[in-house]
Amino acid sequence: MTSVAQPPAHRAELTVVEVPVSDPLVEPLLRELGDEYSARYGGDAHGEMARYPAEEFTAPHGGVLLLLLELGEPVAGGAFRRYDATTAELKRIWTHSAHRRRGLARRVVAELEREAGIRGYRRVYLTTGPRQPEARGLYLATGYTPLFDTDADPETIGPLPFEKHLIAEAPKGKAADL
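Our subject in this report is the structure included herewith. These numbers come from a predicted model, not from an experiment. (Residues numbered from 1 in each chain as written. Predicted model: local features only at pLDDT ≥ 70, side-chain atom pairs only at ≥ 80, totals over all residues. Heavy atoms only, no water.)

1. Some thoughts on the overall build of the protein chain
For clarity, the cut-off: Starting at the N terminus, helices and strands are each numbered in turn, a helix being any DSSP run of H or I of at least four residues and a strand any DSSP run of E of at least two. Relative accessible area decides the class of each residue, using a 1.4 Å probe on protein chains only: under 20% of the type maximum gives buried, over 50% gives exposed, and in between gives partly exposed. Residues count as neighbours in contact if any of their non-hydrogen atoms are within 4.5 Å of one another. Calculation of accessible area relied on Shrake-Rupley with a 1.4 Å probe; when residues are assessed, cover is drawn exclusively from the protein chains displayed.
Per the secondary structure count, the protein chain includes 4 helices and 7 strands. The order of α-helices and β-strands along the protein chain, N terminus first, is β-α-α-β-β-β-α-β-α-β-β. Across the 178 residues in the protein chain, those meeting the buried criterion constitute 44%. Partitioning the contacts of the protein chain with sequence separation of at least 6, the portion at a separation of at least 24 is 64%. A total accessible area of about 9,500 Å² is found for the protein chain, and carbon and sulfur atoms account for 55% of it.

2. A closer look at the layout of surface pockets
The following threshold applies: Here a cavity denotes grid points, spaced 1 Å and computed from the protein atoms alone, that fit a 1.4 Å probe unable to get out, and a pocket denotes an open set having protein on both sides within 12 Å along at least 5 of 7 lines; residues with an atom within 4 Å of a point are the lining. Grid points are joined across faces, edges and corners, and a volume is the space filled by probe spheres set on the points.
Approximately 1,100 Å³ is the volume attributed to the largest pocket. Sorting the residues of the lining of the largest pocket by element identifies α1 (27-41), β4 (87-95), α3 (104-118), β5 (123-128) and α4 (133-141) as the ones contributing at least two each. Ranked by residue count, the leading element in the lining of the largest pocket is β4, at 7 residues.

3. Notes on the packing of aromatic side chains
Threshold: Two aromatic rings, drawn from Phe, Tyr or Trp (for Trp, its six-membered ring), form a pair once their centres lie within 6.5 Å of each other, and the interplanar angle then sorts them: stacked below 30 degrees, edge-to-face above 60, tilted otherwise.
Scanning the entire structure with this criterion turns up 5 aromatic pairs. When the ring of Y139 is compared with that of F162, the centres are 5.6 Å apart and the planes differ by 55°; the resulting orientation is tilted. With Y139 in helix α4 and F162 in strand β7 (residues 160-165), this pair connects stretches of sequence that are 23 residues apart. The exposure class of F162 is buried, given its relative accessible area of 0%. Ring centres of F148 and F162 lie 5.3 Å apart, and the angle between their planes is 85°; on these two criteria the pair is classed as edge-to-face. One end of the pair, F148, is in the loop between β6 (145-146) and β7; the other, F162, is in strand β7, with 14 residues separating them in the sequence. Accessibility assignment for this pair places F148 and F162 in one class, buried.

4. Looking at the environment of G103
Tracing the chain through its elements places G103 in the loop between β4 and α3. The partly exposed category is assigned to G103, whose relative accessible area is 41%. Separated by 35 residues in sequence, G103 and L138 place their C-alpha atoms 9.6 Å apart.

5. Thoughts on the pattern of salt bridges
For clarity, the cut-off: What counts as a salt bridge is simple: a side-chain nitrogen of Lys or Arg found within 4 Å of a carboxyl oxygen of Asp or Glu.
Per the stated rule, a full pass over the model turns up 15 salt bridges. Between E36 and R40 there is a salt bridge whose closest N-O contact spans 2.7 Å. With E36 and R40 both in helix α1, this residue pair falls 4 residues apart, about one helical turn. Its salt-bridge partner being R114, residue E115 comes within 3.8 Å of it at the nearest N-O pair. One salt-bridge network, held together by shared partners, links E18, R107, E111, R114, E115 and R119.

Scope: geometric values only; no functional claims are made or implied.
The following block contains the structure:
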């Protein structure tokens, strides 16, 4: 009798869901990102999390918030908001502290790029903090172009901007109609 190896429980299939910021499933994302920013930059960074109104991350305003769920629980997520008529700005890229080193952030970025393309965006823009080398590495590894001197001390730059031009064709004019 041949047995088929089952994936470990922590490798269950991921489900991608679009949710509003107010959904209780988003709470771990907001809490952990706020705690992480506070630990890296000092002060209460939870205020930064409230900098953009929740509606900016909804379809009627040109945005989205996606979560990756595993067994119904959020393990990673991220969002974008409308930056301009052809550009989506990535925000809130997060992997649950208990689920890091699994490639989930790459998956979130890919899902956000796919969704941005479907919605007619041609470019993705983002910034990350100078004390977030993991994020900097993620964006460089996933094809983002740094819009700063990569040889300079990140602390002298401030927020590190990146861009990526989307290749996939989406229905014409969709982003402009948002």
